[in-house]
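Per-entry structural report
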Amino acid sequence: MKPLLELKNVCYAYHSRAGETSALQDISFQLRQGEFIALVGPSGCGKSTLLSLISGLLVPESGSILFSADSAGAAADDSRLREKIGYMLQRDHLFEWRTVYRNVILGLEIQHRLSDENLAKVDKMLKDYGLDRFRDARPSELSGGMRQRAALIRTLALGPELLLLDEPFSALDFQTRLAVCDDVSAILHHEKKTALLVTHDLSEAVSMADRILVLTKRPASIRTILELHFGQDGLSPLARRSTKEFQEYFNLLWEEMNDNV
Ligand code: ADP
Ligand code: MG
């Protein structure tokens with residue numbers, strides 16, 4: 001199958017008066033439609049930079065990023081492409097002065113896309129994912145997990161083909177994080193989305209991903225790509241955690257990461 005996203009020999013460096021900081025070195029990989037890839041690597045190695053390049057916020061110094069949502073394939077700096085990418089960050093960026101409902105339609109409002117069809121989609125997601133009762137509540141009335149679900153619905157409302165998740169769970173306490181990982185994973189499978197998750201939590205990567213890209217320290221290059229297979233398909237992140245494969249993959253990653261630093 002044709003990959004949704006293909007990176008070929010991507011390099012990037014930041015330039016400032018203090019000099020040059022090389023962040024990414026020769027990154028090549030493909031992301032298949034419907035696939036969930038986790039990106040792990042030492043702090044400061046270039047993970048967020050890589051997401052910025054994929055989303056088109058930054059432009060590679062060399063190499064190419066190809067997104068094939070349309071059959072023709074579009075270059076990464078194509079503005080049409082940006083509409084096809086949803087970004088979710090560590091902070092949920094919900095606005096307290098808006099109700100939950102008015103937060104989740106904010107992206108549609110900004111893009112002038114408040115059509116009946118899009119609003120019906122939002123309504124359905126609020127119902128499906130347990131937030132319908134809270135549509136008139138303020139974000140501060142929601143639990144951390146519910147806030148992240150609201151942020152995800154706001155992102156999905158725009159109909160992205162690809163979701164970039166930059167440590168979206170790291171501000172949550174451990175218990176909540178386990179539950180939210182399950183929720184988000186179920187929602188992404190249900191909506192058949194392709195996702196790239198940056199995380200520093202190895203167990204989160206093993207519990208959620210189809211493949212894990214391990215990056216070296218800065219400037220990041222790809223150290224290993226680990227393809228995950230569990231005895232049973234379709235396990236939730238929580239269910240994966242109690243399999244023997246989980247432990248094995250975790251140990252493997254742990255060794256890779258510790259060789260790395
Ligand atoms: P990660 O997300 O893996 O923690 P980043 O991609 O944020 O790492 O950053 C990679 C490297 O690039 C870091 O050393 C960081 O200090 C540097 N960097 C990030 N943003 C900038 C910037 N705007 N200007 C200069 N250097 C930057
Ligand atoms: Mg980062």
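Just above, that's the structure.
Note that this is a predicted model, so its numbers are computed, not measured.

Criteria and thresholds
- Residues numbered from 1 in each chain as written.
- Chains lettered and ligands numbered in written order.
- Predicted model: local features only at pLDDT ≥ 70, side-chain atom pairs only at ≥ 80, totals over all residues.
- Heavy atoms only, no water.
- Helix = DSSP H or I, 4+ residues; strand = E, 2+ residues; numbered from the N terminus.
- Polar contact = N/O pair within 3.5 Å; in protein donor to acceptor, adjacent residues only side chain to side chain.
- Axes fitted to C-alpha atoms, helices over the stretch in contact; angles between N-to-C directions.
- Parallel < 35°, antiparallel > 145°, perpendicular 65-115°, else oblique.
- Left-handed = near helix turned anticlockwise from the far one by under 90°.
- Contact = heavy atoms within 4.5 Å.
- Nonpolar A, V, L, I, M, F, W, Y, C, P; charged D, E, K, R; others polar.
- Pairing = 2+ DSSP bridges.
- Near = heavy atom within 4 Å.
- Areas by Shrake-Rupley, 256 points an atom, 1.4 Å probe, with all protein chains shown as cover.

1. A look at the side chain of Asp201
Along the chain, Asp201 falls in the loop between β8 (194-198) and α8 (202-208). Within the structure, the side chain of Asp201 is placed 2.7 Å from the side chain of Ser203, a separation counted as a polar contact. Among the polar contacts listed, one links the side chain of Asp201 to the backbone nitrogen of Glu204, at a separation of 3.1 Å.

2. A short note on the packing of helix α6 (residues 144-156) against helix α7 (residues 174-190)
A pair of packed helices is characterised by two quantities: the angle between their axes and the separation of those axes. Following both chains from N to C, one finds α6 and α7 inclined at 25°, their axes separated by 9 Å at the closest point. The angle between the axes of α6 and α7 places the two elements in the roughly parallel class. α6 and α7 meet at a crossing whose hand is right-handed. For the pair α6 and α7, contact is made by Gly144, Gly145, Gln148, Arg149, Leu152 and Leu156 and by Thr176, Val180, Asp183, Val184, Ile187 and Leu188, respectively. When grouped by side-chain class, the residues that make up the contact of α6 with α7 number 6 nonpolar, 4 polar and 2 charged.

3. With respect to the pairing of strand β2 (residues 19-32)
Pairing of strand β1 (residues 3-16) with β2, which is carried by 10 bridges, proceeds in the antiparallel orientation. What sits directly across from His15, in β2, is Glu20.

4. With respect to the site of ligand 1
Around ligand 1 sit Tyr14, Ser43, Gly44, Cys45, Gly46, Lys47, Ser48, Thr49 and Arg218, and that is every residue in its neighbourhood. Note that an oxygen atom of ligand 1 is positioned 2.8 Å from one of the backbone N or O atoms of Gly44. Gly46 places a polar main-chain atom, nitrogen or oxygen, 3.0 Å from an oxygen atom of ligand 1. Protein coverage of the free-state accessible area of ligand 1, which is 570 Å², stands at 59%. For the shell around ligand 1, the class distribution of residues is 2 nonpolar, 5 polar and 2 charged.

Just geometry here; none of it tells us what the structure is for.
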